[in-house]
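Coordinates in review
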Amino acid sequence: MNESKQNGYSEGEPLSWKQQEAEALSSDGSATTSSDGPKMKQREVWANKMDFLLACIGFSVGLGNVWRFPFLCYRNGGGAFLIPYFTAVFLGGIPVFFLEVSLGQFMSEGGIGTWKIAPLFQGIGFACTIIVFLLNCEYNIILTWTFYYLFSSFNSVLPWSHGDNEWNTEICRQATRNLSATNATSLVSVVNTTMSAVADSVANVTNTTKVGKCDPVTEFWERKVLQLSSGVDHAGTVKWDLALCLLLAWIVVYGCIWKGIKSSGKVMYFTATSPYLLMLILLIRGATLDGAEEGLKFYLLPDWSKLNEPQVWVDAGTQIFFSYSISLGTLTALGSYNKFRHNCYRDAWIFAAVNSFTSILAGLVIFCVLGFMAKEQGVSVADVAETGPGLAFIAYPTAVAQMPVAPLWSILFFIMIVLLGLDSQFVGVEGFVTACVDMYPHYLRRGKRREIFTAIVCLICFFIGLSMVTEGGMYVFQLFDYYSASRIVLVVAFFECIVVAYIYGVNRYYDNLEMMFGFRITPLMKYFWLFITPIFTLTTFIMGAISYSELTYKRKTLEYLYPSWAIGVGWILALVSVVWIPIIFVKRLLNVEGTLAQRLMITTRPILKRHQLRQGEDLSKVFLDESGSFEPGAMTSHDDIVPNEPLLANSVELQKLQNQQKLQNEQNETDNV
């Protein structure tokens, strides 16, 4: 251990091996004794088995299932898209999902500490943690907009259902007056037949409105909610109504997680399940609308020729990684709160079924309504189909405005969006906080420090989010959304499979899984981690990179091209996470002494606690974690083990001692004879 001090390692405060094993297996949150300040709390575990599964569903099943999957399905061949979709589920989604949650469960650590199995590649954990932090800053902006629309829905007449508002253009105001004069009952349903005459009388129409069209929904979105500026280089002022909604969103998030999984686990029973009830209600309402059948045909009717297009397969692969929330470190954090014997292998298959079911169900809900809207306007479903924020804040509000009792259906829809987004948001924050707390447990698990740290994280994210509620905030949001996670998660997933399968050892990991589950899982998963999944993720990334195009913001009426400096900022957001993989790689090698081969051997040696050792484990090939430190040199090596120290019952060291004792007893018996 003196060598570790000479190399500059920090040993931290040691916990005994009994305390560490109890921490991994216990189910209470009692505190451990310490003479230095407040008592250090033990690491929490889920109260019951359903908490973990609901947390995974709540985090991963979110807005991507509602507004991205249906659009990809209709664009890529309808029902035919399900073939590449489910192919991606089995080749990439389930293997990586199970890998991440089982790693967290085995190591009982967050997104960074888990990679003690190969400290040289612990940069993977840092990359995941940075990605989820950036996503947390961005994702809550969607909740901000949703709260704004939800509050605006509590009116007898929806404000976007007509054009006679102070924020509307003269075209919409004139159209509303003309329609009122003829006792029109619905602006949206007749506007396409009346606006041509109105447009002829209006000169100098700008590029912010389509000639001959009045679109009060888009004007509410761009001119009232966003007050959209001309570009990213014109930030404008902060919109304080949106800023207050953003503050509300972060207060709600903090209220859900400030006590850790004990509070968030209870909230999850409501936020993860109630959206399904709301979707069912909206589906029943949508199926009764005139034109719903045409929308469903557009959504599900297969176009088999699309399967010949490589982009269809790329879209399927990226959709799975986004909807499964892979390579963010949060799944690892959720798994780390499982009891050591929990069967997360079963949960992985249940999760995959629920996730895919939700995506298909959401598509039915959306396209029933889009079919109705298309028929009302006399256009094709393709003309009204949207993806991303355009679906939630333009297409669907347009359809709702045409329904009887419109405010009711608007309130139900935006409550569903809030609930889908809320659990994804607060579990994402929990994943980031868990990674940080597990790095410094001896400091952050004492007293109220964890709660204070969580509040600081939320506050920092709030201030970063203020840049996205300015008049130019939508352009900033698009930068975060396009670059911060994007296809980088595929690279991270590739490294995860390679490190576990080849560095740590897939056979060793299979033994660890058997230790946890009490049975050996199918050997097929081994070959997925060794060959199939790395090839799949890398191929999807390369094909996506080939088809890469620079970010543009496609508004309803024009396409905004980002300046070069903004694209550069986007690439910084993309690389700021993955760059930590080589940085930590080099840092680990420089922190140990010896030849390159010796350094590689030391820094790839796993850091394990005693309850994580396999039967017959050779302790010369592992470091025993007696300190909670992240540095290999601070661990106990094979030569440093005290002979009289208690050893785990299945360790090779205890077997040697038992054999020696047996030989000694036999020798004593011989001497007595």
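Here's a quick rundown of the structure. Keep in mind the model is a prediction, meaning the values are calculated, not measured. (Residues numbered from 1 in each chain as written. Predicted model: local features only at pLDDT ≥ 70, side-chain atom pairs only at ≥ 80, totals over all residues. Heavy atoms only, no water.)

1. Here's the deal with the nonpolar core
With 197 residues, the main nonpolar core has Phe98, Trp145, Trp221, Trp529 and Tyr562 as its most contacted residues. Membership of the second largest hydrophobic core comes to five residues, among which are Phe126, Ala435, Met439 and Ile584. (Core = buried A, V, L, I, M, F, W, Y, C linked by side-chain atoms within 4.5 Å. Buried < 20%, exposed > 50% of the residue type's maximum accessible area, 1.4 Å probe, protein only.)

2. Side note on helix H17 (residues 344-377)
In a regular helix each residue adds 1.5 Å, so 34 residues correspond to 50 Å; H17 covers 49 Å between its end C-alpha atoms and thus fits that length. In terms of burial, H17 is largely enclosed, as 24 of its 34 residues are buried. Where H17 begins, the capping side chain belongs to asparagine 343, and its oxygen is found 3.3 Å from the backbone nitrogen of tyrosine 345. Where H17 ends, the next residue or the one after it, glycine 378, has phi of about 70 degrees, a positive value. (Helix = DSSP H or I, 4+ residues; strand = E, 2+ residues; numbered from the N terminus. Expected span 1.5 Å × (residues − 1). Polar contact = N/O pair within 3.5 Å; in protein donor to acceptor, adjacent residues only side chain to side chain.)

3. Things to note about the environment of valine 96
In this structure, valine 96 sits in helix H6 (residues 82-107). Remark: the alpha-carbon pair of valine 96 and phenylalanine 494, spanning 398 residues in sequence, is separated by 9.2 Å. Apart from the residues lying within four places of it in its own chain, the contact partners of valine 96 are Phe321, Ile326, Ala493, Glu496, Cys497 and Thr533. (Contact = heavy atoms within 4.5 Å.)

4. Description of the packing of helix H3 (residues 49-60) against helix H12 (residues 261-271)
Running from N to C, H3 and H12 point in directions that differ by 65 degrees, and their axes come no closer than 9 Å. Seen along the crossing, H3 lies across H12 with a hand that is left-handed. Touching Met50, Asp51, Leu54, Ala55 and Gly58 of H3 are Gly265, Met268 and Tyr269, all from H12. The class makeup of the residues in the contact of H3 with H12 is five nonpolar, two polar and one charged. (Axes fitted to C-alpha atoms, helices over the stretch in contact; angles between N-to-C directions. Left-handed = near helix turned anticlockwise from the far one by under 90°. Nonpolar A, V, L, I, M, F, W, Y, C, P; charged D, E, K, R; others polar.)

5. Concerning the pattern of salt bridges
Here the structure, examined in full by the defined rule, presents 19 salt bridges. Residues arginine 43 and aspartate 438 are paired through a salt bridge, measuring 2.6 Å at the closest nitrogen-oxygen approach. Separated by 395 residues along the polypeptide, arginine 43 in the loop between strand S2 (40-41) and H3 and aspartate 438 in helix H20 (residues 406-439) bring together distant segments of the chain. One exposure class covers both arginine 43 and aspartate 438, and it is buried. Close ionic contact of glutamate 617 with arginine 614 constitutes a salt bridge, the shortest N to O distance being 3.2 Å. With relative accessibility at 1%, the residue glutamate 617 sits in the buried group. (Salt bridge = Lys/Arg side-chain N within 4 Å of Asp/Glu carboxyl O.)

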